[in-house]
Protein chains: 2
Amino acid sequence: MKAYKDMSRDELLTVKAALEKEYKTLEAKGLELNMARGKPGFSQLALSMPMLDVINSDSDMRTVLGNDTRNYGDLDGIGESRRLMADMMSVEKDNVIVCGNSSLNIMYDTIARSVTHGVKGGTPWSKLDKVTFLCPVPGYDRHFKITEFFGIEMINIPLYDDGPDMDMVEKYVNSDASVKGIWCVPKYSNPTGISYSDDVVRRFANLKPAAEDFRIYWDNAYCIHHLYEDTQDEILNILDECKKAGNPDMVYIFSSTSKISFPGSGISAIAASLENIEYIKSQMSIQTIGHDKINQLRHSRFFKNIDGLKAHMKKHAELLRPKFEAVLNTLENELEGLEIGNWIKPRGGYFISFNSLPGCAKKIVQMCKDLGVILTGAGATFPYGKDPEDSNIRIAPTFPTPEEMETAATVFVLCVKLVSVEKYLSE
Amino acid sequence: MKAYKDMSRDELLTVKAALEKEYKTLEAKGLELNMARGKPGFSQLALSMPMLDVINSDSDMRTVLGNDTRNYGDLDGIGESRRLMADMMSVEKDNVIVCGNSSLNIMYDTIARSVTHGVKGGTPWSKLDKVTFLCPVPGYDRHFKITEFFGIEMINIPLYDDGPDMDMVEKYVNSDASVKGIWCVPKYSNPTGISYSDDVVRRFANLKPAAEDFRIYWDNAYCIHHLYEDTQDEILNILDECKKAGNPDMVYIFSSTSKISFPGSGISAIAASLENIEYIKSQMSIQTIGHDKINQLRHSRFFKNIDGLKAHMKKHAELLRPKFEAVLNTLENELEGLEIGNWIKPRGGYFISFNSLPGCAKKIVQMCKDLGVILTGAGATFPYGKDPEDSNIRIAPTFPTPEEMETAATVFVLCVKLVSVEKYLSE
């Protein structure tokens, strides 16, 4: 295929006419497809339905230690769920608090407590003139919304194939005491799907923060969310690495079963050093008497252990692969050589990240919408919703069926082409 | 019975000798009973076990409106659970957000957001020199812990048989702009068991707060927690009364099913004016994508409607009455006429509140503990854990069996008598 940038005006006009015809055809279909959010598909939800039988009126509701899950108690979660989440997050059980249905909520609460009470006895951020977070971009919009909500300044850090630009991270963290945190999705990153290299993780662990209350907000949301059996990403254990580097308290790890069991009805967890955990628990005891332990028991008994979790994730992968491949194949078949966009083929996670020509993302998303295909808003993957290049688009292929996904991808590549042709023609 | 205060020194010594003998007997029993917290008893938890069968792998997981409860969405709760909680809280469905497993958590979050972001666009409390809450006493320790945690000053307001001292409430609220809230448990109050009179509720609704962001924190935790069929307290609808009085936004109402279904695995809700609800939702959308909708569905389908809830609470009442009566009868039989303490016979709720002679509560609680009976720490029912009179003790009769409760009550009255005799002897 000839790259658009190498085409003559006439060639571009010919391409455009053909694309417009295709547009009319797709418009006539009156599609209604949603690729906006990372929502599991119907068949994925069905995988976890047997979990709902595990706890019933005949069940022994006591934990292994004999605590009644139906009553108050166990602020840090029942033992078996702590074990399960610890194994999933590759940490020790004592380093984990199992919470409610949302790791986003834990992250919000962690930031909120830092604002009102400071980190482990430090100055409350509300008393500081300036608090800054580093934000590898493109990243997860809901992370950025939390820091924006609390008036925390955000600095974009480029995210490469092996992780954030660590030169830049080190420069900011080690010299600027207003830098209190960095948002990371270290494995199968949202949205690019990349995983941090060992070198990147080690450089994180060896940061020498100017601020004592600097923390790495390590959202390991996709820790066991592989797409393939043979090619799986693994990342270094950040908690261990931080300990080795003499920075045991520098990281908070978050995860949940939202995309394993049920979004909104899963269990979530925070992992950190024992000292951090004790501090968080003492603050958490003001907020709640405890989280939903029956749901913790339900998850623990259904998955049994880490092997149970992994076996379950294999079934998810089987359902997700065709959807990802529908998009990736269409991108490859339709865009290869045109030089109007690039993307990474993820080995896990929930997203495919697409970079269009600069200044085209908003138009592409709008055109898709006009054809009935809803994508995550352009810019959402950047702090304040502002993509300086207007080029990143997050594709969430999990919710539609593979057939719908193929149609949606067809619409998507058409819009990418048409907007790109128009860009070149207008130059 | 002769009042201790009218006894001669010799009479007191005789009484003391007899009590000490009884003490030895009870000490020898090596009791282990806990009346510290308002935990439902085993038989109460059993009442809700069939709820665990309502949702299983064969269930249609869609709400009445067709939304899949297994996936993300419905930040304000599924429609049927909003209807259920609205009916329980005597408000309209649109005035309700159904949240997670803990109304305490909603209260904490509501205060936390006021601290960081202000109330409905007002100045964040963290930017103010002084924020004050009024605290009817005795009251709920966990309320006071929240305000203490956020550095909010607390002022004790006497709680009478018909509600707080409204002259004092009006004086503070209407004149002092630092007064941003008051904690209320308006029905079957924790711990005294009293309910607010219509006059008190109307005076609340007609407050003219000096602070625009003053709110009444109306924790209607025991709204349908009657002990008797024939004598039930009813309170005026505060949301309606506030609206009538031209103060539609002045109240937040909280409740949960913690003591209806399962503590820690129930559902909770906040009710307020539509404007407040919209504002809260917009802030809540940063914190979470939504609460556990499967559990909301479970509750909605099990209880069906307000009649189902009421029928369920009748069963709870049947289990609780003997426990309350075991305490009340023992108090009456053993302490009547001695003039060493007073208490209110509650018609609902979870507690019996006992007032000893001044300066005796801590000693009584300690002596009970020495005999193996754990009570809520003396002072806990007051802000900062400081009961100025050292006289209030909260008795939580729900967790032990009626037989255990009788034993515990026997221990309690013995300790009350012994500490009181010692007080008179030392004077």
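Residues numbered from 1 in each chain as written. Chains lettered and ligands numbered in written order. Predicted model: local features only at pLDDT ≥ 70, side-chain atom pairs only at ≥ 80, totals over all residues. Heavy atoms only, no water.

(A) Summary view of the overall build of chain A. Regarding its fold elements, chain A presents 14 helices and 13 strands. When the backbone C-alpha atoms are referred to their principal axes, chain A occupies close to 75 × 55 × 35 Å. Counting across all 427 residues of chain A, residues that qualify as buried make up 62%. Roughly 15,900 Å² of accessible area belongs to chain A as shown, and the carbon and sulfur atoms make up 48% of that amount. The average position of the 49 basic charges and that of the 59 acidic charges among the side chains of chain A differ by 3 Å. (Helix = DSSP H or I, 4+ residues; strand = E, 2+ residues; numbered from the N terminus. Buried < 20%, exposed > 50% of the residue type's maximum accessible area, 1.4 Å probe, protein only. Areas by Shrake-Rupley, 256 points an atom, 1.4 Å probe, with all protein chains shown as cover. Lys, Arg positive; Asp, Glu negative; His and termini not counted. Charge placed at Lys NZ, Arg CZ, Asp CG, Glu CD.)

(B) Representation of the interface of chain B and chain A in the model. On the side of chain A, 58 residues touch chain B, which itself brings 58 residues to the contact. Buried surface at the junction of chain B and chain A, both sides included, amounts to about 4,700 Å², of which 56% is carbon and sulfur. Summed over the shared surface of chain B and chain A, the number is zero salt bridges. Across the chain B-chain A interface, the total number found is 18 residue pairs in polar contact (both at pLDDT 80 or more). Taken together, the elements giving at least two residues each to the side of chain B that touches chain A come down to α2 (42-47), α3 (51-54), α5 (103-117), α6 (141-149), α10 (274-287) and α11 (293-303) of chain B. Of the residues forming the side of chain B that touches chain A, the biggest block, eight residues, is contributed by α5(B). Of the residues contributing to the side of chain B that touches chain A, the split by class is 23 nonpolar, 22 polar and 13 charged. (Contact = heavy atoms within 4.5 Å. Buried area = accessible area lost by both parts, 1.4 Å probe. Salt bridge = Lys/Arg side-chain N within 4 Å of Asp/Glu carboxyl O. Polar contact = N/O pair within 3.5 Å; in protein donor to acceptor, adjacent residues only side chain to side chain. Nonpolar A, V, L, I, M, F, W, Y, C, P; charged D, E, K, R; others polar.)

(C) Layout of helix α12 (residues 306-335) of chain A. Residue and element names in this part refer to chain A. Taken as a whole, α12 carries its principal kink of about 30° at L320; the proline P322 stands between one and four residues after it. Measuring from the side-chain oxygen of the N-cap residue of α12 to the backbone nitrogen of D307 gives 3.0 Å; that N-cap residue is N305. G337 occupies a position one or two residues after α12 and carries a positive phi of about 90°. (Bend = angle between axes of the 7 residues up to and from the residue.)

(D) Here's a closer look at the pattern of salt bridges. Residues and elements named next belong to chain A. Scanning the entire structure with this criterion turns up 45 salt bridges over all chains. Two residues, D76 and R82, come together in a salt bridge whose shortest N-O distance is 3.5 Å. In this structure D76 comes out as buried when scored by relative accessible area, which is 12%. Residue R82 is classed as buried on the basis of its relative accessible area of 12%.

(E) Highlighting the packing of aromatic side chains. Within this structure, the stated rule accounts for 36 aromatic pairs over all chains. When the centroid spacing of 6.4 Å and the interplanar angle of 65° are considered together, the rings of Y252(A) and F254(A) count as edge-to-face. On the basis of relative accessible area, F254(A) is assigned to the buried category, the value being 0%. Geometry around Y172(B) places K171(B) over its ring, the cationic atom sitting 4.7 Å from the centre. (Phe/Tyr/Trp six-rings, centres within 6.5 Å; stacked < 30°, edge-to-face > 60°. Lys NZ or Arg CZ within 6 Å of the ring centre and 35° of its normal.)

(F) Focus on empty space enclosed by the protein. Here the structure, examined in full by the defined rule, presents eleven cavities of 30 Å³ or more. What the largest cavity holds in volume is close to 510 Å³. Residue classes in the lining of the largest cavity are distributed as eight nonpolar, 20 polar and six charged. In this structure, the second largest cavity spans a volume of roughly 270 Å³. Residue lining of the second largest cavity: 21 residues in total, with Y72(A), S103(B), Y140(B), S258(B) and K259(B) positioned closest to the centre. Counting residues per element, the lining of the second largest cavity draws most heavily on α5(B), at three residues. Here the lining of the second largest cavity is composed, by residue class, of eight nonpolar, eleven polar and two charged. (1 Å grid on protein atoms, 1.4 Å probe; cavity = no way out; pocket = protein on both sides within 12 Å on 5 of 7 lines; lining within 4 Å. Points joined across faces, edges and corners; volume = space filled by probe spheres on them.)

(G) Quick peek at the pairing of strand β8 (residues 251-256) of chain B. All names here are of chain B. Counting buried residues along β8, six of its six residues qualify, which places the element largely inside the surrounding structure. Burial of the side chains of β8 extends over both faces: V251, I253 and S255 are buried on one face and Y252, F254 and S256 on the other. The pairing of strand β7 (residues 215-219) with β8 spans four bridges and is classified as parallel. Along β8, the bridge assignment pairs I216 with V251. A crossover connection joins β7 to the parallel β8 through helix α9 (residues 238-244); in handedness this β-α-β unit is right-handed. Sheet topology note: the β8/strand β9 (residues 268-271) ladder contains four bridges and is antiparallel. Along β9, the bridge assignment pairs I253 with A271. (Pairing = 2+ DSSP bridges. Right-handed = clockwise from strand over helix to strand, strands pointing away.)

(H) A look at unusual backbone geometry. Along the chain, V137(A) connects to P138(A) via a cis peptide bond; the corresponding omega equals 0°. Here the bond from N190(A) into P191(A) is cis, since omega is 10°, no more than 30 degrees from zero. As for its placement among the helices and strands, P191(A) is situated in the loop between β6 (179-184) and α8 (198-205). Of note in this structure, Y384(B) is not a glycine but carries a positive phi near 60°.

(I) Fine view of the sheet that holds strand β3 (residues 132-137) of chain B. Residues and elements named next belong to chain B. Overall, mixed pairing links the eight strands, which are arranged β2-β9-β8-β7-β6-β3-β4-β5 in an open sheet. Every other strand in the sheet has two partners, leaving β2 (96-98) and β5 (163-164) as the edge strands with one partner each. Running at roughly 110° to β8, helix α4 (residues 79-89) makes contact with β2, β8 and β9 of the sheet. (Axes fitted to C-alpha atoms, helices over the stretch in contact; angles between N-to-C directions.)

(J) The packing of helix α1 (residues 9-28) of chain B against helix α14 (residues 402-426) of chain B, seen in detail. Residue and element names in this part refer to chain B. Remark: α1 packs on α14, axes separated minimally by 9 Å, with the N-to-C direction vectors making an angle of 145°. Between α1 and α14 lies a crossing whose hand is left-handed. Of the residues in α14, those touching α1 at R9, L12, L13, V15, K16, L19, E20, E22, Y23 and L26 are T410, V411, L414, K417, L418, V421, E422, Y424 and L425. Per-class residue counts for the contact of α1 with α14 are twelve nonpolar, one polar and six charged. (Left-handed = near helix turned anticlockwise from the far one by under 90°.)

(K) Structural view of the relation of the copies chain B and chain A. Under the fitted operation, chain B is carried onto chain A by 0.0 Å of movement along the axis and a turn of 180°, and the coordinates agree to an RMSD of 0.0 Å. A rotation of that kind, with that shift, is consistent with a two-fold axis. Most of the interface of chain B is mirrored in chain A, where 100% of its interface residues are also at the interface. (Least-squares fit on C-alpha atoms with pLDDT ≥ 70 in both.)

(L) Summary view of the environment of M49(A). If you trace the backbone, M49(A) turns up in the loop between α2 (42-47) and α3 (51-54). Along the primary structure M49(A) and F262(A) are separated by 213 residues, whereas in three dimensions their C-alpha atoms are 9.1 Å apart.

(M) Seen up close, a negative patch on the surface. Residues and elements named next belong to chain A. A cluster of acidic residues, D161, D162, D198 and D199, forms a negative patch at the surface. Mapped onto the secondary structure, D161 falls in the loop between β4 (153-160) and β5 (163-164). For D161, a relative accessible area of 59% gives the class exposed. (Patch = residues over 30% accessible without salt bridge, like charges linked within 9 Å, V, L, I, M, F, W, Y side chains within 5 Å.)

(N) Inspection of the nonpolar core at higher detail. Among the nonpolar cores identified, the biggest contains 60 residues, and F204(A) and W218(A) are the most heavily contacted of them. In this structure, M85(B), A86(B), V91(B) and L239(B) belong to the second largest nonpolar core, which totals 58 residues. (Core = buried A, V, L, I, M, F, W, Y, C linked by side-chain atoms within 4.5 Å.)

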